[in-house]
Amino acid sequence: MTSKGQRFLGIAFFLTLAFCVFEFIGGKLSGSLALLADAGHMLADLSALGLAYFASWMAARPSTPRMSYGFHRIEVLSALINGVILVTMAIFIAKEAFHRLNENPEIHTGMMLGVAFVGLLFNIAAGFLLKSVAHESVNLLGAFFHVVSDALSSVGTIVAGCVIALTGWRYADPLVSFMIACLIGVSAWRLLRDVVAVLLEATPPHIDIEVLGKKVLALSGVRGIHDLHVWSISTGKESLSVHVEVADGVNRDSILSEINELLSQEFGIDHATLQVETEAQRKKEKNHFHS
């Protein structure tokens, strides 16, 4: 994560902190479940943004003999925690919305709408900040999803407040709260899907491993490849390992240079482990294996 990403993450944290307190007070005074649910959601966001900031700071630390890849995976673990928090909040809000359907409390719509509108402005500001850096890591992407879900919550609360003010139908408050929970759940699913893919060392979605393999095979002097693996250490930090069979007499240094240039320019892979084998070596290994 860049210093810009860290700075924007810090600003988003303090924006969320300021509005969380404001919204909780507003929810208590207005009697709106949607506002209280969103305040609880934003409290979870504070924890998530704090974790994201800590993870970005740790990821910037240099590698050590024990942690040879550095601390980039901490960003992934932070994103995993964020996803779990989102799921937990979605379940909690849905449960509270269900209970509220059996009640009919009085709601002060004027205060409800005012607080929700201010919240929308806060979330839009934080969202614009994080959107410009969300591509840097799943950690920042998770923080961005938190802010987006907050903005959707504010929009839903405004809609519910308008319905109640115009029609007196108070069930709009828990129904909108339930819809907010569903939206949060969708964001959580997308985030957890990406995080799990990184932890399982799946091939990054933007890399077609079959196309990559064919382009390596198309290089002059390459006779075959095997044990090709591509995975992510963290978002934007892809790694590759492969065994490359070359014709006897081929300059290995030249082949290594060509493959590395191909991987870097066309696939954005700058960390590759390549093992070059001649046809004679490959045949000897096979014969040794069968003997």
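It should be noted that the structure appears before, not after, this text.
Rules used throughout
- Residues numbered from 1 in each chain as written.
- Predicted model: local features only at pLDDT ≥ 70, side-chain atom pairs only at ≥ 80, totals over all residues.
- Heavy atoms only, no water.
- Helix = DSSP H or I, 4+ residues; strand = E, 2+ residues; numbered from the N terminus.
- Buried < 20%, exposed > 50% of the residue type's maximum accessible area, 1.4 Å probe, protein only.
- Contact = heavy atoms within 4.5 Å.
- Pairing = 2+ DSSP bridges.
- Axes fitted to C-alpha atoms, helices over the stretch in contact; angles between N-to-C directions.
- Expected span 1.5 Å × (residues − 1).
- Salt bridge = Lys/Arg side-chain N within 4 Å of Asp/Glu carboxyl O.
- Core = buried A, V, L, I, M, F, W, Y, C linked by side-chain atoms within 4.5 Å.
- Parallel < 35°, antiparallel > 145°, perpendicular 65-115°, else oblique.
- Left-handed = near helix turned anticlockwise from the far one by under 90°.
- Nonpolar A, V, L, I, M, F, W, Y, C, P; charged D, E, K, R; others polar.

**Student:** Would you explain the overall build of the protein chain in this entry?
**Tutor:** Summing up its helical and strand segments, the protein chain has nine helices and three strands in all. Along the protein chain, from the amino end to the carboxyl end, the secondary structure elements read α-α-α-α-α-α-α-β-β-α-β-α. Out of the 291 residues belonging to the protein chain, those deemed buried represent 46%. Partitioning the intrachain contacts of the protein chain with sequence separation of at least 6 by distance along the chain shows that 73% fall at a separation of at least 24.

**Student:** Honestly, the sheet that holds strand 3 (residues 271–278) in this entry has me stumped. Any pointers?
**Tutor:** Sheet strands pair by backbone hydrogen bonding; their relative direction is either parallel or antiparallel. The mixed open sheet is built from three strands, whose spatial order is 1-2-3. The sheet is open, and its two borders are formed by strand 1 (222–234) and strand 3, each paired with just one other strand. Across the sheet, the mean angle separating the axes of adjacent strands is 10 degrees when strand polarity is ignored. Bridging between strand 1 and strand 2 (residues 237–246) involves nine bridges; their strand directions are antiparallel. Bridge pairing in strand 2 links His-226 to His-243.

**Student:** Can you walk me through the side chain of Glu-23 in this structure?
**Tutor:** Looking at the element boundaries, Glu-23 is found in helix 1 (residues 3–30). Classification of Glu-23 by relative accessible area gives buried; the value is 1%. Aside from chain neighbours lying at most four places away, what touches Glu-23 is Leu-35, Asp-38, Ala-39, Met-42 and Val-115.

**Student:** Hey, could you run me through the environment of Leu-129 in this one?
**Tutor:** Note on placement: Leu-129 falls in helix 4 (residues 109–131). The spacing of Leu-129 and Ile-11 is 118 residues in sequence and 8.3 Å in space, taken between C-alpha atoms. Beyond its immediate stretch of four places on either side in the chain, Leu-129 contacts Phe-8, Ile-11 and Leu-15.

**Student:** When you look at the pairing of strand 2 in this model, what are you seeing that I'm missing?
**Tutor:** Where a strand is regular, its side chains alternate between the two sheet faces. Judged by how many residues are buried, strand 2 sits mostly within the fold: nine of ten residues are covered. As judged from the eight bridges shared by strand 2 and strand 3, these two strands associate in the parallel manner. What sits directly across from Ser-239, in strand 3, is His-271.

**Student:** Any chance you could explain helix 6 (residues 172–199) here in plain terms?
**Tutor:** It helps to recall that an α-helix has 3.6 residues per turn; residues three or four apart then point in one direction. The first and last C-alpha atoms of helix 6 sit 40 Å apart over 28 residues, in line with the 40 Å expected at 1.5 Å per residue. Looking at the residues trailing helix 6, positive phi occurs at Glu-201, about 55 degrees.

**Student:** I keep staring at unusual backbone geometry and nothing clicks. Help me out?
**Tutor:** Glycine aside, residues mostly have negative phi angles, and peptide bonds mostly take the trans form. One non-glycine residue, Glu-201, adopts positive backbone phi at about 55 degrees. In this structure, Glu-201 sits in the loop between helix 6 and helix 7 (209–217). Given a relative accessible area of 46%, Glu-201 falls into the partly exposed group. A positive phi angle is found at Asp-227, which is not glycine, with a value near 55 degrees. On the basis of relative accessible area, Asp-227 is assigned to the partly exposed category, the value being 43%.

**Student:** Please clarify how the pattern of salt bridges should be interpreted in this entry.
**Tutor:** Pairing of side chains with opposite charge becomes possible as their charged atoms draw close. For the structure on display, the rule yields two salt bridges. With its nearest N and O atoms 3.4 Å apart, the salt bridge here joins Arg-193 to Asp-194. For Asp-194, a relative accessible area of 26% puts it in the partly exposed group. A salt bridge links Glu-266 to Lys-215, with the nearest nitrogen and oxygen atoms 2.5 Å apart. Residue Glu-266 is located in helix 8 (residues 252–267), and its partner Lys-215 is located in helix 7; the two are separated by 51 residues in the primary sequence. Given a relative accessible area of 45%, Glu-266 falls into the partly exposed group.

**Student:** Explain the nonpolar core to me, please; I cannot follow it from the model alone.
**Tutor:** Side chains of nonpolar character tend, in soluble globular proteins, to be buried together. Judged by nonpolar contacts, the single largest core of 44 residues is most densely connected at Leu-9, Met-112, Leu-130, Ile-184 and Leu-191. Elements that contribute at least two residues to this core include exactly helix 1, helix 2 (33–59), helix 3 (73–101), helix 4, helix 5 (138–167) and helix 6. Residues within four places of Leu-130 in sequence aside, it is in contact with Phe-8, Leu-9, Ala-12, Leu-140, Ala-143, Phe-144 and Val-147.

**Student:** Would you mind going over the side chain of Ser-232 with me for this structure?
**Tutor:** Position of Ser-232 among the secondary structure elements: in strand 1. Among the residues examined, Ser-232 registers a relative accessible area of 7% and is labelled buried. Other than its neighbours up to four places away in sequence, Ser-232 contacts Arg-73, Val-198, Ala-202, Pro-204, Lys-237 and Glu-238.

**Student:** How should I be thinking about the packing of helix 3 against helix 6 in this particular structure?
**Tutor:** One way to put it is that helix 3 packs onto helix 6 with a least axis distance of 8 Å and a crossing angle of 160 degrees. The angle between the axes of helix 3 and helix 6 places the two elements in the roughly antiparallel class. The interaxial crossing formed by helix 3 with helix 6 has left-handed handedness. In terms of residue class, the contact of helix 3 with helix 6 is made up of 22 nonpolar, four polar and three charged.

These figures come from the coordinates and say nothing about function on their own.
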